[in-house]
Amino acid sequence: MKFLIVDTYYPRFLQSALPAILAAGGDYETMRERILELRFGTADFYSRNLKKLGHDAQDIIFNCAPLQQQWVSQYGSAPLPAGIRLPARLARLPLVRRFVRNDESLLAMALQQIRRERPDILYLQDLNLFSRDLLNQLRDEGSIGMAVGQIACPMPEWEFLDGLDLILTSFPHYVDRFRARGIASEYFRIGFDPVVLQDIGTVTRDIACSFVGGISPSHAGRLNLLEHLARETDISFYGYGADSLAASSPIRSRHHGEAWSLDMYRYLARSRVTLNVHIDAAENNANNMRLYEATGCGALLVTDQKDNLAELFEPGKEIVTYGSPDEAVEKIRYYTSH
């Protein structure tokens, strides 16, 4: 079976990673492999393991324009087909300055790849890219078999969901919502690929406590918790968003810059204790990559209490939970000392 896996990467990661990759040169396959080897997001975790199972699986990084342009230079050149309506979400897609052209060209390049590869399964890791009408057109012309999406973030408009044959989600509460809409959906747990441990090698666990992730004033609950911990514990921060904080934020003096891909994993592997906070879309369910990235790298995970957490880990043995900012402080203080 042939899989074509389409994803988007954080623009700030691309901005930091692309100069070295572009300078090294090479053909499309070589450049793509260098990017995937940095282990950003789900990297090649799906395609590599699908290949081990005997399938043909390839990755498309939708918004990595230099990589996509390299593909076009080797394999295609057709313009955006007439009559295709661009998804409205594309107009708001954050793009990397100087590394991209425009939204229409990004979609055009992806469509060329899809039409050339003609996958049995078009697997979408970002559900904001292909509208119902566009997916139906690809089916009608025989360019794809099934369209499958995966989601664990706020839902896009139904226009981008109704065209999918199946939606996999690690949000248990999303499954019934999709099924009620008439869309096939299954609960699909995420995980950790141990190839990361091979990539990062031996790391000294020299960080007492860390928070690795994005910080934004738009996530007021998370920010209040993190600032409370910055005042009350020996916690270090790594990730993006510190430049958006108020000058008086106690996080600023403890923030050590952005952490992408393998660097992110190394900070987790260096941490004796690390904190996790879910986004609002998770509601009362435990679900994010940090649960698995942190435990996979061997840090003691201190995470917010969720209804289904005991189905994933054994609290008190495999992970530690907190139900309030003060309890988070108490647990972090205790476990960094013990």
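Before reading further, recall that the structure is shown in the block above.
These lines cover the structure that appears in this document, whether it is placed above or below. What you see is a predicted model; the values in this text were computed from it and never measured. (Residues numbered from 1 in each chain as written. Predicted model: local features only at pLDDT ≥ 70, side-chain atom pairs only at ≥ 80, totals over all residues. Heavy atoms only, no water.)

### A few points about empty space enclosed by the protein
What the rule picks out here adds up to 2 cavities of 30 Å³ or more. In terms of lining residues, the largest cavity is bounded by Ile5, Asp7, Tyr9, Leu36, Thr42, Ala43, Asp59, Ile60, Ile61 and Gln125. Residue assignment for the lining of the largest cavity shows that the elements contributing at least two residues are strand S1 (2-7) and strand S2 (56-61). At 3 residues, S2 tops the list of elements feeding residues into the lining of the largest cavity. Its residues assigned to classes, the lining of the largest cavity shows 6 nonpolar, 2 polar and 2 charged. Considering only enclosed or pocket space, the second largest cavity measures out at about 40 Å³ in volume. In terms of lining, the second largest cavity is formed by Ser170, Tyr187, Arg189, Ile190, Ala286, Asn287, Leu291, Tyr292 and Leu312. (1 Å grid on protein atoms, 1.4 Å probe; cavity = no way out; pocket = protein on both sides within 12 Å on 5 of 7 lines; lining within 4 Å. Points joined across faces, edges and corners; volume = space filled by probe spheres on them. Helix = DSSP H or I, 4+ residues; strand = E, 2+ residues; numbered from the N terminus. Nonpolar A, V, L, I, M, F, W, Y, C, P; charged D, E, K, R; others polar.)

### Comments concerning the sheet that holds S2
Remark on secondary structure: sheet strands pair via backbone hydrogen bonds, oriented parallel or antiparallel. Pairing is parallel in the open sheet, where 6 strands are placed in the order S2-S1-S3-S4-S5-S6. Looking along the sheet, the strands with just one partner apiece sit at the ends: S2 and strand S6 (185-187). Shown here is a sheet whose adjacent strand axes are inclined to one another by a mean of 20 degrees, direction ignored. The sheet contact formed by strand S4 (residues 146-151) and strand S5 (residues 166-169) spans 4 bridges and is parallel. Paired with glutamine 150 across the strands is leucine 168, a residue of S5. Contacting S1, S2, strand S3 (121-124) and S4, helix H3 (residues 45-52) crosses the sheet at an angle of about 170 degrees to S2. (Pairing = 2+ DSSP bridges. Axes fitted to C-alpha atoms, helices over the stretch in contact; angles between N-to-C directions. Contact = heavy atoms within 4.5 Å.)

### Overview of the side chain of glutamate 293
Residue position: glutamate 293 is located in helix H11 (residues 289-296). Among residues more than four places away in sequence, those in contact with glutamate 293 are Phe192, Met264, Tyr265 and Leu268.

### Description of the layout of surface pockets
Taken as a whole, the second largest pocket holds about 250 Å³ of empty space. Looking at which element gives the most residues to the lining of the second largest pocket, the answer is helix H9 (residues 220-232), with 4 residues. Counted by class, the lining of the second largest pocket contains 6 nonpolar, 7 polar and 3 charged residues.

### A closer look at the packing of aromatic side chains
Two aromatic rings, taken as a pair, are described by how far apart their centres are and by the angle between their planes. Evaluated as defined, the whole model comprises 20 aromatic pairs. With a centroid separation of 6.3 Å and 90 degrees between ring planes, the pair formed by tryptophan 158 and phenylalanine 178 is classed as edge-to-face. With tryptophan 158 in the loop between S4 and S5 and phenylalanine 178 in helix H7 (residues 172-180), this residue pair connects regions lying 20 residues apart in the sequence. On the basis of relative accessibility, which here comes to 29%, the residue tryptophan 158 falls in the partly exposed class. Phenylalanine 178 gets classed as buried once you look at its relative accessible area, which sits at 0%. Ring geometry for tyrosine 334 and tyrosine 335: centres 4.9 Å apart, planes at 85 degrees, overall edge-to-face. Feature note: the residues Tyr9, Tyr10, Phe13, Phe40, Tyr240 and Trp260 constitute an aromatic cluster, connected by ring pairs. (Phe/Tyr/Trp six-rings, centres within 6.5 Å; stacked < 30°, edge-to-face > 60°. Buried < 20%, exposed > 50% of the residue type's maximum accessible area, 1.4 Å probe, protein only.)

### Observations regarding the pattern of salt bridges
Summed over all chains, the structure comprises 21 salt bridges. With a shortest N-O distance of 2.8 Å, aspartate 44 and arginine 39 are connected by a salt bridge. Each member of the pair, aspartate 44 as well as arginine 39, carries the same accessibility label: buried. A salt bridge links lysine 331 to glutamate 327; the shortest N-O distance between them is 3.1 Å. With a gap of 4 residues between them, lysine 331 and glutamate 327 both fall in helix H13 (residues 325-337), about one helical turn apart. With a relative accessible area of 22%, glutamate 327 lands in the partly exposed category. Salt bridges sharing common partners tie together Arg39, Asp44, Arg48, Asp193 and Asp199. (Salt bridge = Lys/Arg side-chain N within 4 Å of Asp/Glu carboxyl O.)

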